Structures are given as C-alpha cells and as structure tokens.
Amino acid sequence: MKRTDRANATEAVDPRFTDLDAWSGTAALEAMWEGQLAAVAAVGQCLPALAAATDAAADALGDDGRLVYVGAGTSARVAIQDGAELTPTFAWPQQRVHFIIAGGESAFVTSVEGAEDDMDDAIAQIDAARLSAHDVVIAVAASGTTPFTVAALRQAGRYQAVTVGIANNRQAPLLAAAKYPVLVETGPELIAGSTRMKAGTAQKIVLNLMSTGIMLRLGRVYRGMMVNMLPTNAKLKRRAEAMVARIAGCSEAQAASALEETGGDIKLAALVVLGYDRTEAAKLLASHKGNLRRVFDDLG
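Residues numbered from 1 in each chain as written. Predicted model: local features only at pLDDT ≥ 70, side-chain atom pairs only at ≥ 80, totals over all residues. Heavy atoms only, no water.

Explanation requested: the pairing of strand 4 (residues 162–167) in the structure shown.
Consecutive residues of a regular strand have side chains that alternate between opposite faces of the sheet. Buried residues dominate strand 4, accounting for 6 of its 6 residues. Because side chains alternate across strand 4, one face comprises the buried residues Val-162, Val-164 and Ile-166, and the other comprises Thr-163, Gly-165 and Ala-167, equally buried. Relative to strand 4, strand 3 (residues 136–141) runs parallel, the two sharing 6 bridges. Residue pairing for strand 4: Val-137 is matched across the bridge by Thr-163. Each parallel crossover has a hand, and the one from strand 3 via helix 7 (residues 147–158) to strand 4 is right-handed. Relative to strand 5 (residues 180–183), strand 4 runs parallel, the two sharing 4 bridges. Looking at strand 5, one finds that Val-164 is bridged to Tyr-180. (Buried < 20%, exposed > 50% of the residue type's maximum accessible area, 1.4 Å probe, protein only. Helix = DSSP H or I, 4+ residues; strand = E, 2+ residues; numbered from the N terminus. Pairing = 2+ DSSP bridges. Right-handed = clockwise from strand over helix to strand, strands pointing away.)

Right, here's the structure in full:
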C-alpha cells in the first residue's frame, strides 16, 4: 500500500471484499469475524505508546483531575461507553468524567448533521470545561482527521492538559496534535468507511486498557478485585462481602458486618476486620492515597 493510501486506510475499499454482499451468510460472517480478530491484534503494536499515555494520565490526575473524552459519531459513542463505566466499576467520581461530543448530548444516540466539522463548537466546549494540567483529554477518531476532534485536542493542549490522541490512520492530524499519540493501524474496513467495525473495536479495546490501567495505577484495584466498587445492589453486596472475606481472611458474615459499619467501603471494611477501628483505618488509607497494597506493604 502506498504511503498516501496508508494515511486514509480506513476509507479505502478493500478489493478482497468487493463482492461481500454476494457471499453466503456464513462466509460473510467469517470474514467479519476475522476482521475483528485483526482489530484485536492491531492493538498489540500500540501498547508501548498506550503505556506511556496511561502512566502520564495517572501521574497527572491527582485528587481532582478529570478524564475528558472527546469525539464525534461512532468514536464519541465508544468513548462515552468507556467513561460511563468508570463510576460503577471503580467508584470514579462522576464529576471527574467529562464528555466533549460533536453535537452535544443529542448526539449520544442520534447523528447530528455537520457537527463533526464544527471546530468553533469544539473550542467553545473545551474553553467551557476550564481545563487544567491535572486533566487528561482523550480524543478518539478513526480517521484522525475529524475537524471537531482535532480542534478540541489542540485547544486542550493550550491549557496544559495531558492530551491523548487515538486514531487508526498514520499521519493523522489528531496524532500530531496529541502529546501522547496512539496509532492503532487497523487498515481498510470490510465495508469501506464503516469504522464501527475494525476501527471501533480497536478503539474500545484501547480505551478499556487505558482507563483500567489508570485505575490500577491509582490503587482502585487490589489483587485483581474492584476494591473501590460501591455495593449498590444485592449482587454487588455479595461481591463486596466476598472481597472483604478474601482480603481479610474472615467469614462472609464478618465481612458483611464490617461493610455495614463502614458504609460499604470495601477497603475500610477489610482493615476493620483486621483489627483497626474505622477512624484508624481511614487515616491509614488516607496516608497511602487509598492504595491498599501500599498499606499492606508498609505493615509488612
């Protein structure tokens, strides 16, 4: 593929699939499935860049920095899904997740004509967000050329925010605008330009990895468990009891009692079971920035 073609690969027609609509249903599904596997494989090439972005994000966020997702169309909806899951999974405060979407909230579920070209709106939304150096702006666009998304990321850089650009084409302006560019080169789609397929799958994986990696770095996971999770229903209460029992080596009945005492705080409950009163446990966690592993490492 020529250099000029590689820069716009997500829009190219793949000659292997020009008769896809004439194939049998099984053959077409097999081809699409193989495309999904290729999308997964493409992520492997960007892991070093993604690790650098994740580390920078975790270092910047501190106690009040926000994760700000930027996108248009399919990429925006993929980003929204990732950000929306952070609160139920990791108890990430809702006020620390922000979405800057072409067309605004109405574009969450419907297409807004011309929104992705509106650079003025992108700049206005970034300015209204009042960014700081503690904020992390993650901009996603398959082509990497979407005017709204590129303009938003460039404007975010003027506020010294950590800027991450995720695109599926080489030489993309979005990558050039990002302090931390992440290229996920998925190539042509089976259906030309239908980037909800390979590109969208790869974007979702990258966002999953990055947001989860940030939560790992910030101590919101311990021994493979979501220890910041809020037990807001019966299923999650049982899960929280099992976590406390595993961490503290106690019965689930003891874990349930400790969770009741600590208002459902899994990390506090585990320390209470181990003999600390709630005030002591809270101070201990605070002194280690809420990181349970660091607490136990210091306690020996």
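So what exactly am I meant to see when it comes to the sheet that holds strand 2 (residues 97–101) here?
Paired through their backbone hydrogen bonds, the strands of a sheet run either parallel or antiparallel. Read from one edge of the open sheet, 5 strands run 2-1-3-4-5, paired in parallel fashion. The two strands at the open ends of the sheet, each matched to only one other strand, are strand 2 and strand 5. Going across the sheet, the axis of each strand differs from the next one's by a mean of 15°, ignoring polarity. Relative to strand 2, strand 1 (residues 67–71) is paired through 5 bridges, and the arrangement is parallel. Its bridge partner lying in strand 2, Val-70 is registered against Ile-100. Lying on the sheet, helix 3 (residues 47–61) is in contact with strand 1, strand 3, strand 4 and strand 5; it crosses strand 5 at an angle near 145°. (Axes fitted to C-alpha atoms, helices over the stretch in contact; angles between N-to-C directions. Contact = heavy atoms within 4.5 Å.)

Any functional reading would require information that these geometric values do not contain.
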